[in-house]
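Commentary on secondary and tertiary structure
Here is how the chains run, residue by residue.
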Amino acid sequence: MDNQDKINIFRTELNYIQNQNIKQFTTKCVELLPDYFFEIPASSTGKYHPAYTLGSGGLVRHVKAAVRIAVEMFRLDMFRYSEDEKDAIVSALILHDGLKSGIPQQTYTRHEHPQLIVAYIQQYPEICSLLDDKIRVIIFGALASHMGQWTTARNSSTVLPKPKTKIESFVHLCDYLASRKFLEHDFNVAVVR
């Protein structure tokens, strides 16, 4: 998959970002994502995500849903963020599962994928330099802690950080909501009164 195809897949989500430095950073990071990211389901087993995120391209659909949830919640008075903070949130959500299966790709989700994506992006100082220090800390903190309370796993000794800031918690909430099976609800079922 070439870089333009990757960018086109996230054109709508990238266009939510108003700060040109954050947008350029996120675009460059999308170009770095491995091809498998654009092909795999959100859940390798099907246990942890709704049906629309399974099958080919399911992870991309999950990420798009998480971004859409964030953009919708930005409309609520209870979530007051500056424009740069909103842009940082969208950036983090676009990138949060970028290395979900690791490098090289493994069959199952890598528990430490939040830390893998941060370390991967940090290997590109020319891309990281597009962000000021404050925004870089926000994005990397949100990426690293996006798993929320699920900080441990049987098959890994890595303990992930929990969200500590309101932005980190918000990113986790959007990811969490986008992964809930209630989104499979059949709204065509008659309501019993």
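All of the points below concern the structure found in this document. Small disclaimer: the values here were computed from a predicted structure and weren't measured.

Observations regarding the packing of helix α4 (residues 58-73) against helix α5 (residues 83-95)
One way to put it is that α4 packs onto α5 with a least axis distance of 8 Å and a crossing angle of 160°. The orientation of α4 with respect to α5, classified from their angle, is roughly antiparallel. Our pair here, α4 against α5, has a crossing hand that is right-handed. On α5, the residues that touch V63, A66, V67, A70 and V71 of α4 are I89, V90, L93 and I94. For the contact of α4 with α5, the per-class residue count stands at 9 nonpolar, no polar and no charged.

Quick word on the side chain of H62
Summarising the element assignment, H62 is placed in helix α4. In this structure H62 comes out as buried when scored by relative accessible area, which is 0%. Excluding residues within four positions of it along the chain, H62 makes contact with A42, H49, T53, H96, D97, D175, A178 and S179.

So, α4
For α4, with 16 residues, the first-to-last C-alpha span of 23 Å sits near the 22 Å given by 1.5 Å per residue. Within α4, 12 of the 16 residues are buried, which leaves it mostly tucked inside the rest of the structure. What α4 keeps buried is the set G58, L59, V60, H62, V63, A65, A66, V67, I69, A70, V71 and M73.

Parameters and conventions
Residues numbered from 1 in each chain as written. Predicted model: local features only at pLDDT ≥ 70, side-chain atom pairs only at ≥ 80, totals over all residues. Heavy atoms only, no water. Axes fitted to C-alpha atoms, helices over the stretch in contact; angles between N-to-C directions. Helix = DSSP H or I, 4+ residues; strand = E, 2+ residues; numbered from the N terminus. Parallel < 35°, antiparallel > 145°, perpendicular 65-115°, else oblique. Left-handed = near helix turned anticlockwise from the far one by under 90°. Contact = heavy atoms within 4.5 Å. Nonpolar A, V, L, I, M, F, W, Y, C, P; charged D, E, K, R; others polar. Buried < 20%, exposed > 50% of the residue type's maximum accessible area, 1.4 Å probe, protein only. Expected span 1.5 Å × (residues − 1).

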